[in-house]
Amino acid sequence: MPLDTSTYSLALLRLDGRRWNELRRLTAQISTQASADGSSFLSMGNTKVICTVTGPSEVKAAPGASGRGDEAVVSVEISVAGFSGVERKRRGKGDKRIYEMQTTIATAFQATLFTHLYPRSTITISLHILSLDGSLLATCLNASTLALIDAGVPMRDYICATTAGSTSSYSSNDEKADPLLDLNGSEELELPFLTVATCGTEDEVSVLVMETRVQVGRLEGMLAVGVDGCKQVRDILDVVVRARGKRILEGSQL
Amino acid sequence: MTNATASSAILSHLHRADGSATFSQNGYTVIGAVNGPIEVQRRDELPVEAAIDVIVRPAAGVGGTRERHLESILQSTLRQIILIHNFPRTLIQVTLQITNTPEDKVAGSKIVQASSHLAILPTLLQTALLALLSASMPLSVIFTSVLIAAHKDGAITSLTPNPSLVGFESADSVHVLAFTLEGKLLLAESQGTFTLDDWDNILEMAGSVCVPKDGADIEGGVRIEETKEDMTTFVKCTLEAKVAQDLHWYT
Amino acid sequence: MPREVEPSLNEKQFFVKALEENLRIDGRAFDQYRELDLEFGDELGVTDVRLGKTRIHTHITAEVTTPFPDRPFDGLFTITSELSPMTSPFFEPNRPSTTEILLSRLLEKTLRRSGALDTESLCLIAGQKCWSIRADVHVLSHDGNLVDAACIGVLAALQHFRKPDTSTEGESVTVYTLAEREPVPLSLLHFPYCVTFSYYSSTVEEGETVTLLDATLLEEQLREGSATIGINRHGEVCQIAKLGGVPLDAVAFLGCVQIALVKVKEISVFVSKRLEEEAKKRDKGGLMAELSAENDRVS
């Protein structure tokens, strides 16, 4: 069902009252579950994800297990809660979209973690999606970064992700179209958008996924806004990590 | 398209498979690949012989019971000719991909399941054999197969080897027979009603199509008359051409 | 099931050394595709794409079914791609591998979600009858870059395919056979092709990323990151998938999109040329020519 975004051009405010370059409220907690090696809770707007990390641990000795002699293998499990969306839906294991997300997160961290320090072991990231309102992949990536930091797995830098969209559909009012940052669920349904994840403070793009049609000229603006959004996300995550570190140093919460 | 019954074959054209063949006959085209002997999963492992896995994949859609049935026929036939006791606790994998069937042409584009699974069986058998040969799989003997349609016309029954689709569908009974090189019957699958006398005739005719006449010297290969269009000659000629091509550098 | 053999250390080192000297093992330039060959089958909607040693057979079929209740005006379009053990014994039937899932997802995103095929044109009676178009992608031989080749195969097959003509009277639909009425082509809105880039960074000197197009299987096994861009010749990006891997500079990535656009234009020209040749070949003395001659005599 098409959504009415015509009001945007009048006040330059989006459906939820944000301007084009504003993130939704991003709250993050680290070390939420004491029993896990690493854990985090992250919400971007109404998208909420719990992440736990197990490992690095020994590869289960199953025949044909994908253990590699020279480095650790990152594996990701995503489970979407039935109550996460507006409609209650059961999602089977065979969902290719979820499988693709798992592969994406796994390969992104495989390249960023110092996996060569842990040969013959595996690092398992499990993500539980509690609430779903756009920017799902981005939220999962951010939550995984926090949980991996909590688990103490060495990594090159944070992987921070966000989404960026464009107010134009692929043909209409091309000149006036604005790029948008951090789309919510209803905006994602209607507007072209991409998910971008950067590694570190440089504009190094680790993940870039776009599933909608957009003019090639739009892409540069969207990418620039997305990469800028990732920096904002990085600052927020950094504050959370540093606060946690400080508490540990003070010995108040070991 | 015009000469539907003419057979043609290409050998070893897929570079990743151990052996492969494309074979067309009667409007059907099948691509076959053989991998093996390879490691076998624990649950399929046989202690004193190689397990044979046949996979038949239709041109459109996913395989159903018909494909599974064809697989089981092929599996039990190939078990008889491959020297499976040479490779205990291994797997020989035969994949057959159907790419062209005459049914599609008649029906336009709609997916029509053939009324019978027998029509494609000879082509599948022959492709599997050529792919096995291409993979240099040790075989005890090679075989050839034929499809025969029998039409009843009063008291007389007329037999057509490798009938067209129309001939196949109007037949009273259809038969697939496979013979080894020595002329022994390896496989017989029949469908429809027929008398025992008909069966004798069918057997005789199938034998003449599949196996060269007594006079022909099957050992020498040179003396085979090119005019005789039996399947054994076809298989031999295909292989000879392939070997000649592979050894063109050898004087 | 045995696992896919990883490239040996020697192969790896040879490849890296060659890359440092700006060479690929098969002697191609970094942005050069392998030889692309497109053959059409006897039937309509059957294509056989060869990209080097990669070979993909695509088969389009159509049948009349009922549309989904939530989309009564849309026909169905499904793409199935299954890697059989024919491709390599490491693929198990009925248990999809990662390669297979990613391939089908990429094809789905590029061709279906971008609306390449106009599904509304497949509707016969709203909510009751519609065409279901099915594309079966059979990978016969895998030597890298399955996505690009499969995309070419499916799009060429869709353009080559003709669905039987139909007429609707009230609630009843008549489907005409090939002999009765000339079949009609599908309504395609645009032609998005995929271009896959492979990235290598740690293998070569610091701070430098080498980008290769149309990687072979060995190059795919050794790469540290890849990105697939689906784009049509009008410069509409339909899909980007850089699923993790080595980080890449954002500006460099925009350069990749421009390269993809150039390549897609080349591919489009090639495919339409082959389609034209094929149409000419079919036109001569085909069933259609016969039919038109008959009509002349009647009138």
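As the structure is a prediction and not an experimental result, all values here were calculated from the model. (Residues numbered from 1 in each chain as written. Chains lettered and ligands numbered in written order. Predicted model: local features only at pLDDT ≥ 70, side-chain atom pairs only at ≥ 80, totals over all residues.)

Turning to the overall build of chain B, a few remarks are in order. A tally of regular secondary structure across chain B gives 6 helices and 9 strands. By sequence separation, contacts in chain B at least 24 residues apart represent 64% of the contacts at least 6 residues apart. (Helix = DSSP H or I, 4+ residues; strand = E, 2+ residues; numbered from the N terminus. Contact = placed C-beta atoms within 7 Å.)

Contacts between the two partners involve 31 residues from chain A, matched on the other side by 34 residues from chain C. Elements that contribute at least two residues to the side of chain A that touches chain C include exactly α2 (96–112), β8 (193–199), β9 (204–210), β10 (214–215) and α5 (216–250) of chain A. If one sorts the elements of the side of chain A that touches chain C by residue count, α2(A) sits on top with 10 residues. For the side of chain A that touches chain C, the per-class residue count stands at 17 nonpolar, 7 polar and 7 charged. As defined by bridge partners, β9(A) adjoins strand β14 (residues 236–242) of chain C across 3 bridges and the pair is classed as antiparallel. Across the sheet, A:Met210 pairs through a bridge with C:Ile240, a residue of β14(C). (Nonpolar A, V, L, I, M, F, W, Y, C, P; charged D, E, K, R; others polar. Pairing = 2+ DSSP bridges.)

With that settled, consider the interface of chain B and chain C. Between chain B and chain C, the residue contacts involve 26 residues of the former and 32 residues of the latter. For the side of chain B that touches chain C, the element with the highest residue contribution is strand β5 (residues 91–100) of chain B, accounting for 5 residues. Residues belonging to the side of chain B that touches chain C are distributed by class as follows: 10 nonpolar, 10 polar and 6 charged.

Another aspect to go through is the sheet that holds strand β6 (residues 143–153) of chain B. Residue and element names in this part refer to chain B. Spatial ordering of the open sheet is given by β7-β6-β8-β9, a layout of 4 strands whose pairing is antiparallel. Among the strands making up the open sheet, the edge pair consists of β7 (156–161) and β9 (185–192). Adjacent strand axes in the sheet meet at a mean angle of 20 degrees, parallel and antiparallel pairs treated alike. Sheet topology places strand β8 (residues 173–180) next to β9; 7 bridges connect them, and they run antiparallel. Bridge pairing in β9 links His 175 to Ser 190. (Axes fitted to C-alpha atoms, helices over the stretch in contact; angles between N-to-C directions.)

All names here are of chain A. Inspection of the secondary structure puts Asp 133 in the loop between β5 (121–131) and α3 (136–151). With 22 C-beta atoms counted inside 10 Å, the residue Asp 133 sits in the buried group. Expressed as a C-alpha distance, the spacing of Asp 133 and Ser 84, which sit 49 residues apart in the sequence, is 8.6 Å. The residues contacting Asp 133, other than those within four sequence positions of it, are Gly 45, Asn 46, Thr 47, Asn 184 and Gly 185. (Buried ≥ 20, exposed ≤ 12 C-beta atoms within 10 Å, placed from the backbone.)

Let us now look at the confidence of the model for chain B. Residues and elements named next belong to chain B. Overall, the prediction assigns chain B a mean pLDDT of 82, with 86% of residues at 70 or greater. Confidence scores differ between elements of chain B, with helix α2 (residues 102–106) showing the lowest mean pLDDT of 59 and helix α3 (residues 121–134) the highest of 93. Note that residues 106–112 has pLDDT below 50 and, in this model, 20 contacts with residues that lie over four places away or in other chains. Every residue in residues 215–228 is under pLDDT 50, and counting partners more than four places away or in other chains gives 14 contacts. (pLDDT = per-residue confidence, 0-100.)

For a regular strand, side-chain orientation follows a simple rule: the groups alternate between the two sheet faces. Residue and element names in this part refer to chain B. For strand β3 (residues 28–38), a buried count of 10 out of 11 residues is recorded, marking the element as mostly surrounded by other parts of the structure. For strand β2 (residues 19–25) and β3, the ladder comprises 7 bridges, and the chain directions are antiparallel. Residue pairing in the sheet places Gln 25 in a bridge with Tyr 28 of β3. Counting the residues between successive antiparallel strands, the hairpin from β2 to β3 contains 2 residues, one of them, Asn 26, with a positive phi of roughly 60 degrees. Examined bridge by bridge, β3 and β5 share 8 bridges and lie antiparallel to one another. Following the sheet pairing, Asn 35 is matched in β5 by Gln 93.

To continue, consider the packing of helix α1 (residues 65–81) of chain B against α3(B). Residue and element names in this part refer to chain B. At a closest axis distance of 11 Å, the pairing of α1 and α3 adopts a crossing angle of 45 degrees. As far as their axial angle goes, α3 and α1 are oblique. Like other packed secondary-structure pairs, α1 and α3 cross with a definite hand, here right-handed. From α1, Leu 70, Ile 73, Leu 74, Thr 77 and Leu 78 reach across to α3, where they touch Leu 121, Leu 124, Leu 125 and Ala 128. The residue makeup of the contact of α1 with α3, split by class, is 8 nonpolar, 1 polar and no charged. (Parallel < 35°, antiparallel > 145°, perpendicular 65-115°, else oblique. Left-handed = near helix turned anticlockwise from the far one by under 90°.)

A few words on the packing of α2(A) against α3(A). Residues and elements named next belong to chain A. Where α2 meets α3, the axes come as close as 11 Å, and the angle between the chain directions of the two elements is 40 degrees. On the basis of their axis angle, the class for α2 and α3 is oblique. In this structure, the crossing between α2 and α3 has a hand that is right-handed. Here α2 contributes Met 101, Thr 104, Ile 105, Ala 108 and Phe 109 to the contact with α3, which in turn contributes Leu 137, Cys 140, Leu 141, Ser 144 and Leu 148. Partitioning the contact of α2 with α3 into residue classes produces 8 nonpolar, 2 polar and no charged.

To continue, consider the confidence of the model for chain A. Averaged over every residue, the pLDDT of chain A is 85; the share at 70 or more is 87%. Averaged pLDDT values over the elements of chain A bottom out at 70 in helix α1 (residues 8–11) of chain A and peak at 95 in α3(A).

The next thing to look at is α2(A). Count 3.6 residues to each turn of an α-helix, and residues three or four apart come out pointing the same way. Look at α2(A): 24 Å from first C-alpha to last across 17 residues, which is about the 24 Å you get at 1.5 Å a residue. Listing the buried residues of α2(A) in full gives A:Ile98, A:Glu100, A:Met101, A:Thr104, A:Ile105, A:Ala106, A:Thr107, A:Ala108, A:Phe109, A:Ala111 and A:Thr112. (Expected span 1.5 Å × (residues − 1).)

Our focus in this paragraph is the pairing of strand β3 (residues 54–65) of chain C. All names here are of chain C. In terms of burial, β3 is largely enclosed, as 9 of its 12 residues are buried. Sheet analysis places strand β2 (residues 46–51) next to β3, joined by 6 bridges and oriented antiparallel. The residue of β3 that forms the bridge with Leu 51 is Thr 54. Counted between consecutive antiparallel strands, the loop separating β2 from β3 contains 2 residues, among which Gly 52 sits at a positive phi close to 60 degrees. As paired strands, β3 and strand β6 (residues 129–141) are joined by 11 bridges and run antiparallel to one another. If you follow His 59 over to β6, its bridge partner there is Asp 136.

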